[in-house]
Amino acid sequence: MALLAGGPALAQQEPSSLQLAREYVRKAEHEKASFLFGRLGADEQTAANVLPDYLTALHALGRHRDAEKLVKRAQRQRPDDPTLGVTLGAVLAKSQNEAAAQKQWEKVIGQLSRPEQVLAVAAAFQQASLPDWATRAYVRGRELAHSDTEYAPQLIQLYTQSGQRDKLMAETLRLVQDDEQQLPFVRNMLQNSLQDDKDFDALEKELLSQVQKNPDRAVYSELLLWLQVQRRDFAGALLQAKALDRRGRTEGQRVLEVAEIARRNKDYESAIQGYDYVVREYRGRPLYALARQRLVQTREDQVRTTYPVNVAQLRSLLQDYQQVLQDLGRTPETAPVLRSMAALLAFQLDEKEPAIKLLQEVIDMPRAPLDVVDQAKIDLADIYLLRNEPWEATLLYSQVEKSHKDTPLGYEAKLRNARLSYFAGDFRLAKSHLDILKQATTREIANDAMQLSLLITDNTAQDTAGLALRDYAAVEQLVFQNKLPEAQRGLDALLQKYPGHALQDEAWYLKAQLQRRTGDYAAARAAH
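Residues numbered from 1 in each chain as written. Predicted model: local features only at pLDDT ≥ 70, side-chain atom pairs only at ≥ 80, totals over all residues. Heavy atoms only, no water.

(A) Spatial organisation of the overall build of the chain. Counting secondary structure elements, the chain contains 31 helices and zero strands. For a compact globule of 528 residues, the expected C-alpha radius of gyration is about 24 Å, and the chain comes in at 35 Å, more than 25% above that figure. C-alpha atoms of the chain, sized along the principal axes, occupy 95 × 70 × 60 Å. Put simply, the chain has 528 residues, and 45% of those count as buried. Taking contacts inside the chain between residues at least 6 apart in sequence as the whole, the part at least 24 apart equals 51%. (Helix = DSSP H or I, 4+ residues; strand = E, 2+ residues; numbered from the N terminus. Rg over C-alpha atoms; globule rule 2.2 N^0.38 Å. Buried < 20%, exposed > 50% of the residue type's maximum accessible area, 1.4 Å probe, protein only. Contact = heavy atoms within 4.5 Å.)

The structure is reproduced here in structure tokens:
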């Protein structure tokens, strides 16, 4: 019984002639494959899942005439399958009869009469690596459908793959002209296909023309806004955002979004223009308070990054912040203003006591969200570090780490704790923090952690005591404390004390940065 039971199983395990034939094709043993295919039944030879492999074997053996006969037999068996006409043309091309192949493909296109045929034939052309003919199939399908946007996604994909930028742009704009819901798809296709300034210039010129011709069609302004943001042309993007804001009655939302992007990209002038627009046009509206705060904060960004920093302008900013608080009140919503004032006082004007009072006000604020309170705690810890009180600083950092475990704010607190250990010369403890942070979900924090970890690793491999790195960390702490003259003297001493050390490059780079911050641009260029 056991032997009888095993018989069918063994039979099933034996490869069929068809499976073996396909295996021979894969191994390029075409003579054997052709022999086995030839033994199949007539209908099986031309089946859709057999015909391509059989043709491969015949072409490899130079039996192009037999391949042509095989496809024509398949056409007689399946007269409603238009893709076989594509296959026949490919067979003719293989036999070096290009004229006949072209004529055959023209015939296929001319015989298209239904949408389902269009999709099948275009797919067959693409499978045969004939994208131009696939395009012609879709264009014929568009004629049959009496629609200028039929098969647009397929044509956009083909134009993208073939690098036909002019046709791609025309197709995408035609698509959104009739269906504004396609805007996300169109943006994605353009982003993936436009590669150089010439492409972007051409698209921008066309969009500007469409905006002027169709002032009531928001979709062109939307695309132009997107394009100008991609090109970092925030001044141009603001113009479109204002137009969209007025048309859509978004109460400044679109302009605020562009201003935020401009600020992140350090185009402070454009950001200030955007925030100022919202403040002027939407006084008392929902976004007014946020725009007021961002306006002053961005002016501060601009002042702090223009070297040497102008102290009079910093004092003026303090007055602006005071005015914002007077107009909007001291609430959890304006806590960012109090934090900005504290940072300005402590780090730029060396007035730590009033800064601490402002942050303590945020921490003690009734009904303040935990995030707001803990951001203020991180700021306060930074000021304790300014005052050389590392224990107070690490206590606050650790509190935030604990209350925001596995969140960006918690990672930020852990990074500050790692930096504190680094400043103190405890590189092992710093690295234990940093190794965890390298897996952080926030890319910016993970990158900062990676850079500091590499600095420690590179400069303690041979110098295990890390003597030079201790001196360098002490200089970086002086920079953090905004004690720039002391930091420059420390760098000069380090460069003399450790000639040829691996830290020389970092030291020279930091020195150039400090010279730039103090307005000594000639020395900064020389240091580079």
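Still more ground to cover, so stick around.
(B) Quick peek at the pattern of salt bridges. According to the stated counting rule, one finds 42 salt bridges in the structure shown. Across the pair Arg 231 and Asp 197 runs a salt bridge whose closest N-O atoms are separated by 4.0 Å. Here Arg 231, found in the loop between helix H15 (218-230) and helix H16 (234-248), pairs with Asp 197, found in helix H14 (residues 197-213); they are 34 residues apart in sequence, far enough to count as distant. Exposure remark for Arg 231: the relative accessible area of 26% places this residue in the partly exposed category. Through salt bridges that share partners, Asp 197, Asp 201, Glu 204 and Arg 231 make up one connected network. (Salt bridge = Lys/Arg side-chain N within 4 Å of Asp/Glu carboxyl O.)

(C) Here's a closer look at the packing of aromatic side chains. Tallying each qualifying case throughout the model produces 10 aromatic pairs. Plain terms: the ring middles of Phe 423 and Phe 480 are 6.0 Å apart, the flat faces sit at 45 degrees to each other, and that makes the pair tilted. You can see Phe 423 sitting in helix H25 (residues 408-423) and its partner Phe 480 sitting in helix H28 (residues 467-480), a full 57 residues away along the chain. With a relative accessible area of 17%, Phe 480 lands in the buried category. (Phe/Tyr/Trp six-rings, centres within 6.5 Å; stacked < 30°, edge-to-face > 60°.)

(D) Structural context of the packing of H25 against helix H26 (residues 427-437). Following both chains from N to C, one finds H25 and H26 inclined at 155 degrees, their axes separated by 7 Å at the closest point. Classified by the angle between their axes, H25 and H26 sit roughly antiparallel to one another. As H25 runs across H26, the sense of the crossing is left-handed. Residues Tyr 411, Lys 414, Leu 415, Asn 417, Ala 418, Ser 421 and Tyr 422 of H25 touch H26, and the partners they reach there are Phe 427, Leu 429, Ala 430, His 433, Leu 434, Ile 436 and Leu 437. Grouping the amino acids of the contact of H25 with H26 by side-chain chemistry returns 10 nonpolar, three polar and one charged. (Axes fitted to C-alpha atoms, helices over the stretch in contact; angles between N-to-C directions. Parallel < 35°, antiparallel > 145°, perpendicular 65-115°, else oblique. Left-handed = near helix turned anticlockwise from the far one by under 90°. Nonpolar A, V, L, I, M, F, W, Y, C, P; charged D, E, K, R; others polar.)

(E) Region of the structure containing unusual backbone geometry. The backbone of His 146 sits at a positive phi, close to 55 degrees, despite the residue not being glycine. With respect to the element layout, His 146 can be found in the loop between helix H10 (131-145) and helix H11 (152-162). By relative accessible area, His 146 is classed as exposed at 73%.

(F) Summary view of H11. Every buried residue belonging to H11 is among Ala 152, Leu 155, Ile 156, Leu 158 and Tyr 159, and all of these are buried. Seen along its axis, H11 keeps its buried residues to an arc of 165 degrees; they face one direction. Residues of H11 that are buried make contact with helix H9 (115-127), H10, helix H12 (165-178) and helix H13 (183-193). Immediately downstream of H11, the backbone of Gly 163 shows phi near 70 degrees, a positive value. (Arc of directions from axis to C-beta.)

(G) Examining the side chain of Asp 374 more closely. Its place among the elements puts Asp 374 in helix H23 (residues 370-386). Not counting residues within four places of it along the chain, the set of residues in contact with Asp 374 comprises Val 400, Ser 403, His 404 and Leu 409.

(H) Fine view of the nonpolar core. Ranked by size, the top nonpolar core spans 75 residues in total, and within it Tyr 422, Ile 456, Leu 469 and Tyr 472 carry the most contacts. It is H23 that provides the largest number of residues to this core, a total of 10 residues. Among residues more than four places away in sequence, those in contact with Ile 456 are Tyr 422, Phe 427, Ala 430, Lys 431, Leu 434 and Leu 469. One finds Ala 21, Leu 84, Tyr 138 and Leu 158 within the second-largest nonpolar core, a separate group that totals 65 residues. (Core = buried A, V, L, I, M, F, W, Y, C linked by side-chain atoms within 4.5 Å.)

(I) Quick look at the environment of Arg 136. In this fold, Arg 136 is placed in helix H10. Along the chain, Arg 136 and Glu 106 lie 30 residues apart, while their C-alpha atoms are 9.5 Å from each other. A polar atom in the side chain of Arg 136 sits 2.8 Å from the side chain of Glu 106. (Polar contact = N/O pair within 3.5 Å; in protein donor to acceptor, adjacent residues only side chain to side chain.)

(J) Summary view of the environment of Thr 306. The topology assignment puts Thr 306 in the loop between helix H19 (288-304) and helix H20 (311-328). By relative accessible area, Thr 306 is classed as partly exposed at 46%. C-alpha of Thr 306 to C-alpha of Arg 517: the two residues are 211 residues apart in sequence and 8.0 Å apart in space. Polar side-chain contacts of Thr 306 include one of 2.7 Å to the backbone oxygen of Gln 302.

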